[in-house]
Amino acid sequence: MVGLIFADGHVHSNPIKGMGIATIGKKFRDAGGWFMALVSLPPHSLGFNNTFDDYLKTFEVLINECKIAKELGLKVMCFAGIHPSAIENEISRDSKHGGKVLEKALGVVDHIAKLIREGIVDGFGEIGRPHYKAIPEAFVVNNIVMMYTLTLAKDLSAPVHLHLEQGGEVTAIDIDKIARSIDIEKNRIILHHLDVVTAKASQNRGFIFTIAGKYPILKECIKSLKPMYMIESDFIDDPKRPGVSSYPWDIIENQRKLLAEDLVDEEYLYKINIDMVIKLYSIEPPF
Ligand SMILES: [Zn+2]
(Lines give C-alpha, C1' and ligand atoms only; values in the text may rest on other atoms or scores of the structure.)
Protein backbone atom coordinates (compact mmCIF):
# COMPACT_ATOMS: atom_id res chain seq x y z
CA MET A 1 0.00 0.00 0.00
CA VAL A 2 3.07 2.21 -0.15
CA GLY A 3 2.45 5.19 -2.38
CA LEU A 4 -1.33 5.14 -2.13
CA ILE A 5 -2.59 8.56 -1.10
CA PHE A 6 -6.16 9.76 -1.09
CA ALA A 7 -8.22 12.62 -2.50
CA ASP A 8 -11.51 14.07 -1.31
CA GLY A 9 -13.36 15.26 -4.42
CA HIS A 10 -15.84 17.54 -2.61
CA VAL A 11 -15.78 18.65 1.00
CA HIS A 12 -16.94 21.61 3.10
CA SER A 13 -15.59 23.10 6.31
CA ASN A 14 -17.26 25.37 8.83
CA PRO A 15 -14.83 27.24 11.08
CA ILE A 16 -17.69 29.13 12.76
CA LYS A 17 -19.99 26.30 13.85
CA GLY A 18 -17.96 23.17 13.20
CA MET A 19 -14.38 21.96 13.43
CA GLY A 20 -13.01 24.06 10.59
CA ILE A 21 -10.30 22.98 8.18
CA ALA A 22 -7.51 23.31 10.75
CA THR A 23 -8.85 20.17 12.45
CA ILE A 24 -10.41 18.44 9.44
CA GLY A 25 -7.40 18.95 7.20
CA LYS A 26 -4.96 17.66 9.79
CA LYS A 27 -6.99 14.50 10.45
CA PHE A 28 -7.43 13.93 6.71
CA ARG A 29 -3.73 14.42 6.03
CA ASP A 30 -2.71 12.14 8.89
CA ALA A 31 -5.04 9.42 7.55
CA GLY A 32 -3.28 9.53 4.15
CA GLY A 33 -5.10 12.38 2.39
CA TRP A 34 -3.22 14.61 -0.04
CA PHE A 35 -5.82 16.54 -2.04
CA MET A 36 -9.20 18.12 -1.41
CA ALA A 37 -11.68 20.17 -3.40
CA LEU A 38 -12.91 22.58 -0.75
CA VAL A 39 -16.37 23.99 -1.54
CA SER A 40 -18.20 26.98 -0.01
CA LEU A 41 -21.18 26.37 2.27
CA PRO A 42 -24.50 28.21 1.93
CA PRO A 43 -24.31 31.48 3.97
CA HIS A 44 -26.91 30.31 6.53
CA SER A 45 -24.64 27.42 7.57
CA LEU A 46 -22.20 30.05 8.84
CA GLY A 47 -24.91 32.11 10.53
CA PHE A 48 -25.07 34.66 7.67
CA ASN A 49 -28.02 35.75 5.52
CA ASN A 50 -28.53 35.22 1.79
CA THR A 51 -27.67 38.83 0.91
CA PHE A 52 -25.03 39.70 -1.68
CA ASP A 53 -22.72 41.05 1.04
CA ASP A 54 -23.12 37.92 3.12
CA TYR A 55 -22.15 35.80 0.11
CA LEU A 56 -18.95 37.82 -0.06
CA LYS A 57 -18.37 37.11 3.64
CA THR A 58 -19.01 33.41 3.00
CA PHE A 59 -16.34 33.42 0.28
CA GLU A 60 -13.88 35.20 2.58
CA VAL A 61 -14.33 32.36 5.07
CA LEU A 62 -13.77 29.83 2.27
CA ILE A 63 -10.64 31.57 0.98
CA ASN A 64 -9.16 31.60 4.46
CA GLU A 65 -10.01 27.91 4.96
CA CYS A 66 -8.26 27.07 1.68
CA LYS A 67 -5.19 28.96 2.84
CA ILE A 68 -5.11 27.02 6.11
CA ALA A 69 -5.49 23.70 4.24
CA LYS A 70 -2.52 24.57 2.05
CA GLU A 71 -0.45 25.48 5.10
CA LEU A 72 -1.14 21.96 6.39
CA GLY A 73 0.60 20.64 3.28
CA LEU A 74 -2.53 19.63 1.40
CA LYS A 75 -3.11 20.33 -2.27
CA VAL A 76 -6.38 22.22 -2.59
CA MET A 77 -8.83 23.42 -5.21
CA CYS A 78 -11.06 26.17 -3.86
CA PHE A 79 -14.68 26.39 -5.12
CA ALA A 80 -17.13 29.24 -4.49
CA GLY A 81 -20.79 28.89 -5.40
CA ILE A 82 -24.45 29.42 -4.68
CA HIS A 83 -26.02 26.25 -3.38
CA PRO A 84 -29.30 25.49 -5.20
CA SER A 85 -31.00 24.95 -1.84
CA ALA A 86 -30.26 28.57 -0.84
CA ILE A 87 -31.95 29.84 -4.01
CA GLU A 88 -34.80 27.37 -3.55
CA ASN A 89 -35.32 28.55 -0.01
CA GLU A 90 -35.62 32.19 -1.06
CA ILE A 91 -37.89 31.51 -4.04
CA SER A 92 -40.19 29.27 -2.03
CA ARG A 93 -40.85 32.13 0.39
CA ASP A 94 -41.88 34.49 -2.43
CA SER A 95 -42.22 32.77 -5.78
CA LYS A 96 -43.57 35.87 -7.56
CA HIS A 97 -40.39 37.85 -7.01
CA GLY A 98 -37.88 35.32 -8.28
CA GLY A 99 -36.47 38.01 -10.57
CA LYS A 100 -34.79 39.72 -7.64
CA VAL A 101 -33.32 36.47 -6.37
CA LEU A 102 -32.06 35.73 -9.87
CA GLU A 103 -30.49 39.15 -10.27
CA LYS A 104 -28.62 38.80 -6.97
CA ALA A 105 -27.50 35.25 -7.82
CA LEU A 106 -26.10 36.33 -11.19
CA GLY A 107 -24.26 39.16 -9.42
CA VAL A 108 -22.75 36.64 -7.01
CA VAL A 109 -21.69 34.44 -9.94
CA ASP A 110 -20.06 37.49 -11.57
CA HIS A 111 -18.19 38.11 -8.33
CA ILE A 112 -16.98 34.48 -8.25
CA ALA A 113 -15.80 34.90 -11.86
CA LYS A 114 -13.80 37.93 -10.73
CA LEU A 115 -12.22 35.89 -7.89
CA ILE A 116 -11.29 33.19 -10.39
CA ARG A 117 -9.82 35.72 -12.81
CA GLU A 118 -7.71 37.12 -9.97
CA GLY A 119 -6.54 33.63 -9.00
CA ILE A 120 -8.14 33.86 -5.54
CA VAL A 121 -10.45 30.87 -6.04
CA ASP A 122 -10.19 28.09 -8.62
CA GLY A 123 -13.72 27.23 -9.68
CA PHE A 124 -17.49 27.49 -9.32
CA GLY A 125 -19.29 25.22 -6.89
CA GLU A 126 -21.59 24.12 -6.01
CA ILE A 127 -24.28 25.40 -8.29
CA GLY A 128 -27.05 23.60 -10.14
CA ARG A 129 -30.49 22.25 -9.42
CA PRO A 130 -32.09 20.89 -6.25
CA HIS A 131 -32.03 17.09 -5.83
CA TYR A 132 -35.32 17.14 -3.94
CA LYS A 133 -38.84 18.16 -4.95
CA ALA A 134 -38.83 21.94 -5.29
CA ILE A 135 -41.36 24.38 -6.67
CA PRO A 136 -40.94 24.84 -10.45
CA GLU A 137 -39.96 28.51 -10.06
CA ALA A 138 -36.98 27.47 -7.90
CA PHE A 139 -35.94 24.93 -10.49
CA VAL A 140 -36.11 27.55 -13.26
CA VAL A 141 -34.06 30.16 -11.38
CA ASN A 142 -31.42 27.57 -10.48
CA ASN A 143 -31.30 26.39 -14.07
CA ILE A 144 -30.72 29.93 -15.36
CA VAL A 145 -27.94 30.43 -12.78
CA MET A 146 -26.39 27.11 -13.81
CA MET A 147 -26.40 27.99 -17.52
CA TYR A 148 -24.92 31.41 -16.82
CA THR A 149 -22.19 29.91 -14.63
CA LEU A 150 -21.28 27.32 -17.25
CA THR A 151 -20.95 30.07 -19.86
CA LEU A 152 -18.52 31.98 -17.63
CA ALA A 153 -16.70 28.74 -16.74
CA LYS A 154 -16.13 28.07 -20.43
CA ASP A 155 -14.65 31.55 -20.97
CA LEU A 156 -12.44 31.22 -17.89
CA SER A 157 -11.56 27.53 -18.48
CA ALA A 158 -12.59 26.98 -14.87
CA PRO A 159 -14.01 23.83 -13.30
CA VAL A 160 -17.60 23.70 -12.00
CA HIS A 161 -19.12 21.39 -9.39
CA LEU A 162 -22.71 20.80 -10.43
CA HIS A 163 -25.29 19.74 -7.89
CA LEU A 164 -28.16 18.02 -9.71
CA GLU A 165 -31.32 16.00 -9.41
CA GLN A 166 -30.51 12.29 -9.62
CA GLY A 167 -32.51 11.64 -12.78
CA GLY A 168 -30.43 8.79 -14.19
CA GLU A 169 -30.39 8.87 -17.98
CA VAL A 170 -32.36 12.13 -18.33
CA THR A 171 -29.99 14.11 -16.11
CA ALA A 172 -27.04 12.89 -18.17
CA ILE A 173 -28.84 13.63 -21.46
CA ASP A 174 -29.76 17.14 -20.35
CA ILE A 175 -26.29 18.08 -19.10
CA ASP A 176 -24.80 16.63 -22.26
CA LYS A 177 -27.07 18.84 -24.38
CA ILE A 178 -26.29 21.90 -22.25
CA ALA A 179 -22.53 21.27 -22.42
CA ARG A 180 -22.72 20.95 -26.19
CA SER A 181 -24.81 24.08 -26.61
CA ILE A 182 -22.42 26.11 -24.43
CA ASP A 183 -19.45 24.36 -26.04
CA ILE A 184 -17.75 23.84 -22.69
CA GLU A 185 -15.19 21.05 -22.34
CA LYS A 186 -16.74 18.07 -20.57
CA ASN A 187 -13.92 17.69 -18.10
CA ARG A 188 -14.58 21.21 -16.80
CA ILE A 189 -17.88 19.89 -15.41
CA ILE A 190 -17.85 17.69 -12.32
CA LEU A 191 -21.25 16.19 -11.52
CA HIS A 192 -21.33 16.09 -7.76
CA HIS A 193 -22.78 13.37 -5.52
CA LEU A 194 -24.25 11.09 -8.18
CA ASP A 195 -26.12 7.90 -7.43
CA VAL A 196 -24.97 4.77 -9.23
CA VAL A 197 -27.62 4.88 -11.97
CA THR A 198 -26.96 8.55 -12.83
CA ALA A 199 -23.21 7.87 -12.58
CA LYS A 200 -23.37 5.07 -15.16
CA ALA A 201 -25.42 7.18 -17.56
CA SER A 202 -23.00 10.09 -17.10
CA GLN A 203 -19.91 7.94 -17.57
CA ASN A 204 -21.37 6.63 -20.83
CA ARG A 205 -21.51 10.24 -22.01
CA GLY A 206 -17.95 11.05 -21.00
CA PHE A 207 -18.72 13.03 -17.85
CA ILE A 208 -16.67 13.05 -14.69
CA PHE A 209 -18.39 12.99 -11.34
CA THR A 210 -17.98 12.45 -7.62
CA ILE A 211 -19.43 9.56 -5.64
CA ALA A 212 -20.15 9.53 -1.90
CA GLY A 213 -17.42 7.56 -0.15
CA LYS A 214 -19.74 5.38 1.93
CA TYR A 215 -18.77 1.70 2.00
CA PRO A 216 -21.83 0.15 0.25
CA ILE A 217 -21.88 2.84 -2.46
CA LEU A 218 -18.16 2.44 -3.15
CA LYS A 219 -18.50 -1.32 -3.31
CA GLU A 220 -21.22 -0.98 -5.94
CA CYS A 221 -19.38 1.70 -7.96
CA ILE A 222 -16.10 -0.19 -8.05
CA LYS A 223 -17.95 -3.14 -9.55
CA SER A 224 -19.75 -1.18 -12.24
CA LEU A 225 -17.75 1.95 -13.10
CA LYS A 226 -14.48 2.66 -14.84
CA PRO A 227 -12.04 4.50 -12.50
CA MET A 228 -12.81 7.83 -14.15
CA TYR A 229 -14.45 9.58 -11.22
CA MET A 230 -13.56 10.86 -7.77
CA ILE A 231 -14.69 9.92 -4.30
CA GLU A 232 -16.07 12.63 -2.03
CA SER A 233 -16.97 12.93 1.61
CA ASP A 234 -19.32 15.90 1.03
CA PHE A 235 -18.66 16.51 4.72
CA ILE A 236 -20.71 19.53 5.87
CA ASP A 237 -18.97 20.06 9.22
CA ASP A 238 -22.23 20.64 11.08
CA PRO A 239 -22.12 19.20 14.60
CA LYS A 240 -25.93 19.29 14.68
CA ARG A 241 -26.20 17.00 11.67
CA PRO A 242 -23.61 14.27 12.18
CA GLY A 243 -23.83 11.39 9.75
CA VAL A 244 -25.48 13.43 6.95
CA SER A 245 -22.27 12.87 5.05
CA SER A 246 -19.00 11.05 5.69
CA TYR A 247 -15.93 12.27 7.51
CA PRO A 248 -13.09 12.79 5.03
CA TRP A 249 -10.95 10.22 6.90
CA ASP A 250 -13.79 7.69 6.73
CA ILE A 251 -13.74 7.68 2.93
CA ILE A 252 -10.05 6.73 3.16
CA GLU A 253 -10.83 4.03 5.70
CA ASN A 254 -13.55 2.59 3.43
CA GLN A 255 -11.19 2.41 0.46
CA ARG A 256 -8.52 0.70 2.56
CA LYS A 257 -11.15 -1.78 3.74
CA LEU A 258 -12.18 -2.63 0.16
CA LEU A 259 -8.53 -3.05 -0.74
CA ALA A 260 -7.93 -5.38 2.22
CA GLU A 261 -10.99 -7.40 1.18
CA ASP A 262 -9.64 -7.69 -2.37
CA LEU A 263 -12.74 -5.99 -3.74
CA VAL A 264 -10.60 -3.37 -5.47
CA ASP A 265 -6.99 -3.24 -6.58
CA GLU A 266 -4.41 -0.57 -5.94
CA GLU A 267 -4.32 0.49 -9.58
CA TYR A 268 -8.04 1.36 -9.54
CA LEU A 269 -7.64 3.44 -6.39
CA TYR A 270 -4.52 5.08 -7.76
CA LYS A 271 -6.46 6.22 -10.82
CA ILE A 272 -9.31 7.64 -8.75
CA ASN A 273 -7.17 9.33 -6.13
CA ILE A 274 -4.25 10.59 -8.19
CA ASP A 275 -4.75 10.35 -11.95
CA MET A 276 -8.13 12.08 -11.78
CA VAL A 277 -6.71 15.02 -9.81
CA ILE A 278 -3.99 15.45 -12.43
CA LYS A 279 -6.52 15.14 -15.27
CA LEU A 280 -9.19 17.45 -13.84
CA TYR A 281 -7.14 20.01 -11.97
CA SER A 282 -3.57 19.67 -13.34
CA ILE A 283 -2.32 19.15 -9.80
CA GLU A 284 0.58 16.75 -9.37
CA PRO A 285 0.97 14.46 -6.35
CA PRO A 286 3.76 15.26 -3.88
CA PHE A 287 6.14 12.53 -5.11
ZN1 LIG B 1 -21.57 19.81 -1.19
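Up top is the structure.
Computed from a prediction, not measured in an experiment: that's the story for all the values here.

Novice: Would you mind showing me how to read the pairing of strand 5 (residues 160–163) here?
Specialist: Walk down a regular strand and you will see the side chains alternate between the two sheet faces. Going residue by residue along strand 5, you find Val160 and Leu162 tucked away on one face and His161 and His163 tucked away on the opposite face as well. In this sheet, strand 5 lies alongside strand 4 (residues 123–128) in parallel orientation, the contact comprising four bridges. In the strand pairing of strand 5, glycine 128 is matched with histidine 163. In this view, the connection linking strand 4 to its parallel neighbour strand 5 by way of helix 5 (residues 136–156) has right-handed handedness. Viewed along the sheet, the connection from strand 5 through helix 6 (residues 169–182) into strand 6 (residues 189–192) turns out right-handed.

Novice: Just to check I follow, could you spell out the pairing of strand 7 (residues 208–212) for this structure?
Specialist: Burial within strand 7 is extensive, with five of its five residues counted as buried. The alternating pattern of strand 7 places Ile208, Thr210 and Ala212 and Phe209 and Ile211 on opposite faces, both of which are buried. Both strand 7 and strand 8 (residues 230–232) contribute to a ladder of three bridges, which runs parallel. When the bridges of strand 8 are listed, alanine 212 appears paired with glutamate 232. The parallel pair strand 7 and strand 8, bridged by helix 8 (residues 215–224), forms a crossover whose chirality is right-handed.

Novice: Teacher, can you tell me more about the side chain of glutamate 88 here?
Specialist: Within the secondary structure, glutamate 88 is located in helix 3 (residues 84–93). Summary of buried charges: glutamate 88 has no salt-bridge partner, and the nearest side chain of opposite charge, arginine 93, is 8.7 Å away.

Novice: Teacher, can you tell me more about the sheet that holds strand 2 (residues 33–39) here?
Specialist: Strands in a sheet are paired, the pairing made by backbone hydrogen bonds, and the direction either parallel or antiparallel. Spatial ordering of the open sheet is given by 1-2-3-4-5-6-7-8, a layout of eight strands whose pairing is parallel. Strands at the two margins of the open sheet, each flanked by one partner only, are strand 1 (6–11) and strand 8. Neighbour-to-neighbour, the strand axes of the sheet open up by a mean angle of 25°, direction not taken into account. Here strand 2 runs beside strand 3 (residues 75–80); their pairing, made up of five bridges, is parallel. Looking at the pairing, alanine 37 lines up with methionine 77 of strand 3.

About the cut-offs
Residues numbered from 1 in each chain as written. Predicted model: local features only at pLDDT ≥ 70, side-chain atom pairs only at ≥ 80, totals over all residues. Heavy atoms only, no water. Buried < 20%, exposed > 50% of the residue type's maximum accessible area, 1.4 Å probe, protein only. Helix = DSSP H or I, 4+ residues; strand = E, 2+ residues; numbered from the N terminus. Pairing = 2+ DSSP bridges. Right-handed = clockwise from strand over helix to strand, strands pointing away. Lys, Arg positive; Asp, Glu negative; His and termini not counted. Salt bridge = Lys/Arg side-chain N within 4 Å of Asp/Glu carboxyl O. Axes fitted to C-alpha atoms, helices over the stretch in contact; angles between N-to-C directions.

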